[in-house]
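Below, each chain spelled out in residue letters.
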Amino acid sequence: MAAPFTAEQQRRFDEEMEKILARFPEDRKRAAVLPALHLVQDMLGWIPEEAMVEVARKCETTPEQVREVATFYVMYFLEPKGKHVIDVCTNISCSLRGAEKLLAHLQEKLGVELGETTADGLFTLREFECMGACGNAPVLQVDSRFHMDMTLEKADRLIESLRAQAAEKK
Amino acid sequence: MAHRILTQNWFKPGYNTIEGYKKEGGFSSLRRVLAMKPDEVIEAVKVSNLRGRGGAGFPTGLKWSFVPKDSPKPKYLCVNADESEPGTYKDRVLMEQDPFSLMEGIAIASWALGVHTAYIYIRGEFLEQAEILQKAIADCYAEGIFGKSILDSGHRLDVYVHRGAGAYICGEETGLLNSLEGGKGWPRLKPPFPAVSGLFGCPTVVNNVETIATLPTIFRIGPKEYASLGAEKSGGTRLVCVSGHVNKPGVYEIPMNLTFWDLIHDEKWCGGIPGGRKVKAVIPGGSSAPVLTAEELHVAAEYEALKVKDNMAGSGAVIVMDETTCMVRAAWRISKFYAEESCGQCTPCREGTPWMERILRKIEEGHGEPKDLELLVSVARAIAPYPPIGLGTTICALGDAAAVPVQAFVMKFRHEFEQHIREHRCPFPHPFGQLAEEVVRQ
Ligand SMILES: Cc1cc2nc3c(=O)[nH]c(=O)nc-3n(C[C@H](O)[C@H](O)[C@H](O)COP(=O)(O)O)c2cc1C
Ligand code: SF4
Ligand code: FES
């Protein structure tokens, strides 16, 4: 199996894992599985099979157990995703303030179905459950950062600015 | 102004920094508590009549008293910051505006309970809020509030933030514990209760963010005074977070005797419904709570007052729907959430939640048949018959949370369900209400 990390990434992984493992009792290293998976996703953008093996080794558990955890939680990506993940909440409080319209608008604007990534690899669009920001509905998150009190126009501006940012970097 | 004892400093610039918090007298309660015996602290919390703000409203002092005193095992405190119940966002705003009350509360609880390690389990989507907590924890270590000897008391306390990764069920206290141990967030059968055997098999107290963050207030004004501000069995004030069709949604600190009607309509609170429309229905305690009709809104937003009405204060999430909203659509959206979030351990919940969702969608889309309504209710009853609340057949209360609202919607708005079935369509031009159209186009 190929190594999941570059040498530089491996160093960061080892360092951070040491800090994470220090939060738990010696014989309870498995407790570090969720933070470890967050760390991997932070570095690679998603969680490949080889990285689960690494996590299992550090947390003194089996790759199967890590995989079971990785599949249970919706925030972990088990395949590569777009550069930005847009999660639109359509739960009750957001729907009462137009979330369905907002989601349909974004789908059309980005030309993707739910869960899909745009052809340029820039955006993955998902429908999401309540995000705990219902007083500022409708709400979406871009890469786990909140954007509240959304309107169709604000959504357009958001997409444009992310596109412009990406173009600049090229 | 007796009603603002928790939030009086929110949104003041700088209050959410450690310097700002200290300027307002922060950590004086911790000093007071460290001069008391742990048992006295637990007794004081009992006297305060503080009830857990996570959903069940369990008396906090009583919960604490279940922790065995003589156990040789370490004890843990887990702060529940999972906040994923639809409609609920008070804990997020609290963590943003007042992170140090939470920190001080953790230190107070740790002293009372003999805890040396506390974990704050925060939902994964709250990335910025997790960063705020990390910073607040670092500041507390730097000031000797946490660490080897908190405020030179000789009591050691370590506090860690632990991020979830997207699963509502991890808010259920034993699901939380399994998640924190690095597994799937599957709830555990109780007993044993966490107080006896919780995290890593050790005595553990799980408390909601607001519950813990209220502790400094209780010891600032005194537990008797705190109790006297509330209702007979529910001390103090509480936070509610209002969403949906109101002019001023937001987090409000309310007295226990405030009715939902006044909360929604009074200028001092939510200021009524947009467009001068009328309220049709209100979910009083997060999506798990049975819906209230407009006629039922003259009930106090307090634990016992709601209980006698076969309802619950729940997580403090008040979701308001105006007269233009379709009740079938609302019931369907909520049931879709539970179908999605059932962990799948118990058959009635695993099979019943998607079944209810399918029937509700069928009715909403105009394909419902008269027999569907009875089927829907019978599926719901097999998970947890309502009323009253609390007769569920499943391992955790998610089953009840899914089944109870469905029955309440059918019971109280049966005519709307029947109209959908009779007319083979949704009779509402905008099923989520007129405001849903207006807001996004502003
Ligand atoms: C499905 C489900 C989800 C829950 N989610 C939360 C939550 O997000 N936050 C919370 O504090 N309590 C939640 N609870 C309640 C907890 O199980 C527990 O009762 C609470 O954290 C105890 O804290 P308290 O005594 O301070 O209220 C949930 C319960 C269930 C059944
Ligand atoms: S009631 Fe539902 S969520 Fe709770 S343990 Fe059973 S299957 Fe899981
Ligand atoms: S319903 Fe959308 S954030 Fe809560």
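Just so you know, these numbers come straight off a predicted model, no measurement behind them. (Residues numbered from 1 in each chain as written. Chains lettered and ligands numbered in written order. Predicted model: local features only at pLDDT ≥ 70, side-chain atom pairs only at ≥ 80, totals over all residues. Heavy atoms only, no water.)

1. A word on the side chain of Glu210 of chain B
Moving on, step 1. Along the chain, Glu210 of chain B turns up in helix α9 (residues 209–221).
Moving on, step 2. Look past the residues within four positions of Glu210 of chain B in its chain and what remains in contact with it is Leu6, Arg53, Lys90, Asp91, Leu94, Arg238 and Leu239 of chain B. (Helix = DSSP H or I, 4+ residues; strand = E, 2+ residues; numbered from the N terminus. Contact = heavy atoms within 4.5 Å.)

2. Observations concerning the environment of Lys22 of chain B
Residues and elements named next belong to chain B.
Moving on, step 1. Structurally, Lys22 can be placed in helix α1 (residues 18–23).
Moving on, step 2. For the pair Lys22 and Phe100, spaced 78 residues apart in the sequence, the C-alpha separation amounts to 9.2 Å.
Moving on, step 3. In contact with Lys22, other than residues within four places in its own chain, are Phe27 and Glu143.
Moving on, step 4. There is a polar contact of 2.3 Å between the side chain of Lys22 and the side chain of Glu143. (Polar contact = N/O pair within 3.5 Å; in protein donor to acceptor, adjacent residues only side chain to side chain.)

3. A short note on the site of ligand 2
Moving on, step 1. Around ligand 2, 13 residues are found, and the nearest of them are Cys343, Gln345, Cys346, Cys349 and Cys396 of chain B.
Moving on, step 2. Across the shell around ligand 2, the residue classes break down as eight nonpolar, five polar and no charged. (Near = heavy atom within 4 Å. Nonpolar A, V, L, I, M, F, W, Y, C, P; charged D, E, K, R; others polar.)

4. Details of the domain arrangement of chain A
Moving on, step 1. Examined at the domain level, chain A breaks down into domain 1 (7–72) and domain 2 (84–169).
Moving on, step 2. Placing the centre of domain 1 of chain A and that of domain 2 of chain A at their C-alpha centroids yields a distance of 29 Å. (Domains from an automatic or database assignment.)

5. Remarks on the site of ligand 1
Residue and element names in this part refer to chain B.
Moving on, step 1. Close contacts around ligand 1 come from 18 residues, with Gly54, Lys63, Asn207, Asn208 and Thr211 the closest.
Moving on, step 2. Between ligand 1 and the protein, one listed contact pairs an oxygen atom with a backbone N or O atom of Glu83 at 3.0 Å.
Moving on, step 3. In this structure, Asn208 approaches ligand 1 through a side-chain N or O atom, which is 2.7 Å from an oxygen atom.
Moving on, step 4. Contact with the protein chains hides 90% of the accessible area of ligand 1, taken as 610 Å² for the molecule alone. (Areas by Shrake-Rupley, 256 points an atom, 1.4 Å probe, with all protein chains shown as cover.)

6. With respect to the pattern of salt bridges
Moving on, step 1. Summed over all chains, the structure comprises 46 salt bridges over all chains.
Moving on, step 2. Arg425 of chain B is the salt-bridge partner of Glu423 of chain B, the closest N and O atoms lying 3.0 Å from each other.
Moving on, step 3. Residue class for Arg425 of chain B comes out partly exposed when judged on its relative accessible area of 43%.
Moving on, step 4. Bridged by salt links that share partners, the residues Lys109, Asp156, Glu160 and Arg163 of chain A form one connected network. (Salt bridge = Lys/Arg side-chain N within 4 Å of Asp/Glu carboxyl O. Buried < 20%, exposed > 50% of the residue type's maximum accessible area, 1.4 Å probe, protein only.)

7. Quick notes on the interface of chain A and chain B
Moving on, step 1. Facing the 51 residues of chain A at the interface are 65 residues of chain B.
Moving on, step 2. Across the chain A to chain B interface the summed buried area is about 4600 Å²; carbon plus sulfur atoms make up 56%.
Moving on, step 3. Per-residue buried area on chain A facing chain B is highest for Ile92, Leu96 and Arg97 of chain A; these three make up 16% of the total on that side.
Moving on, step 4. Here chain A is connected to chain B by six salt bridges.
Moving on, step 5. For Arg333 of chain B, the salt bridge identified is with Glu129 of chain A, shortest N-O distance 3.0 Å.
Moving on, step 6. Residue classes in the side of chain A that touches chain B are distributed as 27 nonpolar, 13 polar and eleven charged. (Buried area = accessible area lost by both parts, 1.4 Å probe.)

8. Points about the sheet that holds strand β5 (residues 237–244) of chain B
Residue and element names in this part refer to chain B.
Moving on, step 1. Read from one edge of the open sheet, five strands run β6-β5-β9-β7-β8, paired in mixed fashion. In this open sheet, the two edge strands, each paired with only one partner strand, are β6 (250–255) and β8 (292–293).
Moving on, step 2. Relative to strand β9 (residues 317–322), strand β7 (residues 279–283) is paired through four bridges, and the arrangement is antiparallel. Its bridge partner lying in β9, Val279 is registered against Asp322. (Pairing = 2+ DSSP bridges.)

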